[in-house]
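Examination of the molecular architecture
What follows is each chain in one-letter form.
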Amino acid sequence: MLEQCNPSALETLCQVLSKEMNPQSISLTQRVTLACSRPESVAELGLRWLRASSLSDSTDCAELGRLAGAECEALRPQLLEWLKSVFASDNAVPALVSQNTGGHAVIAATIMELLDSRFPDVRQFGWAWFESTPAACQDVRIWQKLLESPYDDIRFGIVKKLEQQPSPDRLDSSTRGQLSKELVRSLWATVLLNVRRGSKQKPIVLQQISDRIQKHPDEAPQLLPLLAVALRSIRGTEWKKALALLVQLAEVPELHQQVVQAFPEVGWNLVGGSR
């Protein structure tokens, strides 16, 4: 009836259903489906019945991840706040409130659903939840998936997160070391090649690339071309930063020859007598 109802009568139908139907006769999957509907009256009915839900196990909680695709923009903030409260409440599923692996896995999966949503406001909510959840920040599986994100806001958030000073919720060095080098390079390349956005993140990325080359000179052949992207940029801030970093790299004995050969256009014979 909700799917076939005339839009002008939809709100009335939802009011009737709210009064006449027992929420316990509706499965959790059906409630989530209603909450994800585009019409506000239907989504509100789904949210009302979700609030009356009793979640029995982690499978039920995993089902709630579908709320990342909620179509009703007006109801999304309420849906997301309720979703987060489910995992934070002491009255929620004990397995999720505790620190056991199963509970964390469901929470991590739910956060990933939000970060992978096609809606920017959902991704923003998911990112705030991610940053405020230390266990999620240390989960290398989440980071690996984040590096594959097609969304600029997530990519820029990763760059900023990797650059943060050490803090209790920062990705620790052991976990950071498990990240795929190829995916990190892809992240850097995507940010540098973005011609419309990322001006604040690009200098950060350039510094990260330079630091990586100095720590791992064997990766210079793969990373120096990324500095070339910035060196040939029309934005003064980017090419000046790239040029300064190249000069620093050229001063490292084991990197000097590679840098000079990779960037002959710099005119190294004009910069300092020894170069």
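Relevant structure appears above.
Residues numbered from 1 in each chain as written. Predicted model: local features only at pLDDT ≥ 70, side-chain atom pairs only at ≥ 80, totals over all residues. Heavy atoms only, no water.

1. Some thoughts on the packing of helix α16 (residues 236–250) against helix α17 (residues 253–262)
What counts is decided by this rule: Lines fitted to the C-alpha atoms define the axes, with helices restricted to the stretch that makes contact. Angles between their N-to-C directions range from 0 to 180 degrees. Put simply, DSSP H or I for four residues or longer makes a helix, DSSP E for two residues or longer makes a strand, and each gets a number counted from the N terminus. When describing relative orientation, an angle under 35 degrees is termed roughly parallel and one over 145 degrees roughly antiparallel, while 65 to 115 degrees is termed roughly perpendicular and anything else oblique. Note on definitions: a residue-residue contact is assigned when non-hydrogen atoms from the two residues lie within 4.5 Å. Residue polarity follows a fixed list, in which Ala, Val, Leu, Ile, Met, Phe, Trp, Tyr, Cys and Pro are nonpolar, Asp, Glu, Lys and Arg are charged, and the others, Gly among them, are polar.
The geometry of α16 relative to α17 is characterised by a closest axis approach of 7 Å and an angle of 130° between their N-to-C directions. As summarised for this structure, α16 and α17 are arranged oblique, according to the angle between their axes. In this structure, α16 contributes L246, L249 and A250 to the contact, and α17 contributes L255, H256 and V259. For the contact of α16 with α17, a count of residues per class yields five nonpolar, one polar and no charged.

2. Considerations on the environment of V260
Of note, V260 is situated in helix α17. Placed 13 residues apart in sequence, V260 and V247 show a C-alpha to C-alpha distance of 9.5 Å.

3. With respect to the packing of aromatic side chains
Selection rule: Classification of ring pairs rests on two measures: the distance between centres of Phe, Tyr or Trp rings, Trp counted by its six-membered ring, which must be within 6.5 Å, and the angle between planes, read as stacked under 30 degrees, edge-to-face over 60 and tilted in between. Whether a charge sits over a ring depends on NZ of Lys or CZ of Arg being within 6 Å of the ring centre and within 35 degrees of the ring normal.
Across all of its chains, the model carries three aromatic pairs by this definition. Geometrically, the ring pair formed by W127 and F130 is tilted, given 5.2 Å between the ring centres and 50° between the ring planes. Residue W127 and its partner F130 are located together in helix α8 (residues 120–131), separated by three residues, close to a single helical turn. Following the ring pairs from residue to residue traces out a cluster consisting of F87, F125 and W129. Just above the ring of F119 sits the side chain of R76; from NZ or CZ to the centre is 4.0 Å. Directly above the ring of Y151 sits R123, whose terminal nitrogen or CZ lies 3.8 Å from the centroid.

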